[in-house]
Amino acid sequence: MSRDPRLVVLLVTTACAGLCACGHPRVQPPQRQAGTLVVLLPDADDGTVGRAFVSTTSGMAELASARASTSVVGNGAAGTVAPLSEAEVQTLFGSALTTMPRHAHQFTLYFQFESDELTAESRALVPQVVQAVKDYPFPDVEVIGHTDTTGSAASNVELGMRRATLVRRLLLDAGLDGSIVDATSHGEADLLVATSDETMEPRNRRVEISVR
Amino acid sequence: MLLSLRWIAGALIVIIPVVASAAEPGAAGRIKVVSGSVVVVRAAVATPATAGQAVFEADTLRTGANGRVGITFNDDTRVSLGPDSEARLDQFIYMPAEKRGGLVLRIVRGLIAYVSGRIAKLSPDGVKLETPNAIVGVRGTTLALRVDAK
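These lines cover the structure that appears in this document, whether it is placed above or below. (Residues numbered from 1 in each chain as written. Chains lettered and ligands numbered in written order. Predicted model: local features only at pLDDT ≥ 70, side-chain atom pairs only at ≥ 80, totals over all residues.)

Quick look at the pairing of strand β10 (residues 127-131) of chain B
Across a regular strand the side chains alternate sides, sitting on one face of the sheet and then on the other. Residue and element names in this part refer to chain B. Only one face of β10 is buried: it carries V127, L129 and T131, and the other face, with K128 and E130, is open. Pairing analysis gives four bridges linking strand β9 (residues 100-115) to β10, with the strands arranged parallel. The residue bridging V104 from the neighbouring strand is K128, located in β10. Turn length for the β10-strand β11 (residues 134-139) hairpin, with the two strands adjacent in sequence and antiparallel, is two residues. (Buried ≥ 20, exposed ≤ 12 C-beta atoms within 10 Å, placed from the backbone. Helix = DSSP H or I, 4+ residues; strand = E, 2+ residues; numbered from the N terminus. Pairing = 2+ DSSP bridges.)

Here it is as structure tokens:
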């Protein structure tokens, strides 16, 4: 099969010849048009494919399958959506893709009921977090406190912060450098299990740790 | 019992800072990978990029003919640039407790790969990859773009 025409289009330069105001014929250097090539890729970690929307002044194209791509040349509309091959993706984007930092390693910790004590299972994760940090160059660790929807949003931000601060302290006690560990709270705004307001839900009372 | 626990939590607010932050205040992310020639342009001053360096809103990253750079943002969004590329972080808002988020990257030229983080979940319409002639919106995904400047 021949080379994908959209890739060729992207490289096309349009030569413009013009006359200057005083009448001397003059050849302008070739004018290159702005070009954008977009390709949707499967997630490197779990293979899931999301969606992307490519908007221009004259409309929108949707990318919704693995390696679906489209090109926009100059002020034109997005071109026909068609997949690139794996080889084309590597040829075109390999330099950027191989430079992508490692994906964040996520841990979720739970507390005993109405307590500031982690469950035994969650406490056992602390050394694993410390170990995971060693996999990352110039690591950052974010400790995020979450609550369920019982109580006001403001008080839950405080409660989440209190729990995140406790877990941050455990990580520092286990040997992590405090300068790389942040504690934050999402309060009740980032539920693991969707519930209505004022709902007790143990799975939402958690601390997430993101090592990146 | 639960009520009293929350009362205690409320009383503690005065002594617990909103963010027990250790990283550089206001940083949007950190450069994790650098190879070849890469500069960060901040307030019109270009300085060589180094791994471990913080990245802020309004920073521009520019790679040379042999340059590559990879950044992880505070919301776990990841971005990498190939050679001869330039991109500016026009907006970075990550305020999950207020359900606010926004990430706008302006790609001037070159090669860029993007992997969604928490902002894309928090505010699906808030993530935009802008090129000279297109705006790309995302729904939780990995993308690669190539931009040939005019």
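Some points on the environment of A:V72
Mapped onto the elements of the fold, A:V72 is located in strand β8 (residues 68-73). The spatial distance from the C-alpha of A:V72 to the C-alpha of A:T36 is 5.1 Å, given a sequence separation of 36 residues. Setting aside chain neighbours within four positions, we find A:V72 in contact with A:G35, A:T36, A:V54, A:T56, A:A78, A:G79, B:N133 and B:A134. (Contact = placed C-beta atoms within 7 Å.)

Quick word on the sheet that holds strand β12 (residues 181-187) of chain A
Residue and element names in this part refer to chain A. Spatially, β10-β13-β11-β12 is the arrangement adopted by the four strands of the open sheet, whose pairing is mixed. At either end of the open sheet lies a strand with only one pairing partner, and these are β10 (105-110) and β12. Neighbour-to-neighbour, the strand axes of this sheet turn through a mean angle of 20°, independent of strand direction. In terms of strand pairing, β10 meets strand β13 (residues 206-211) through six bridges, oriented antiparallel. Bridge pairing links Y110 to R206 in β13. Packing of helix α5 (residues 153-173) onto the sheet brings it into contact with β10, β11 (141-146), β12 and β13, and relative to β12 it is tilted by some 155°. (Axes fitted to C-alpha atoms, helices over the stretch in contact; angles between N-to-C directions.)

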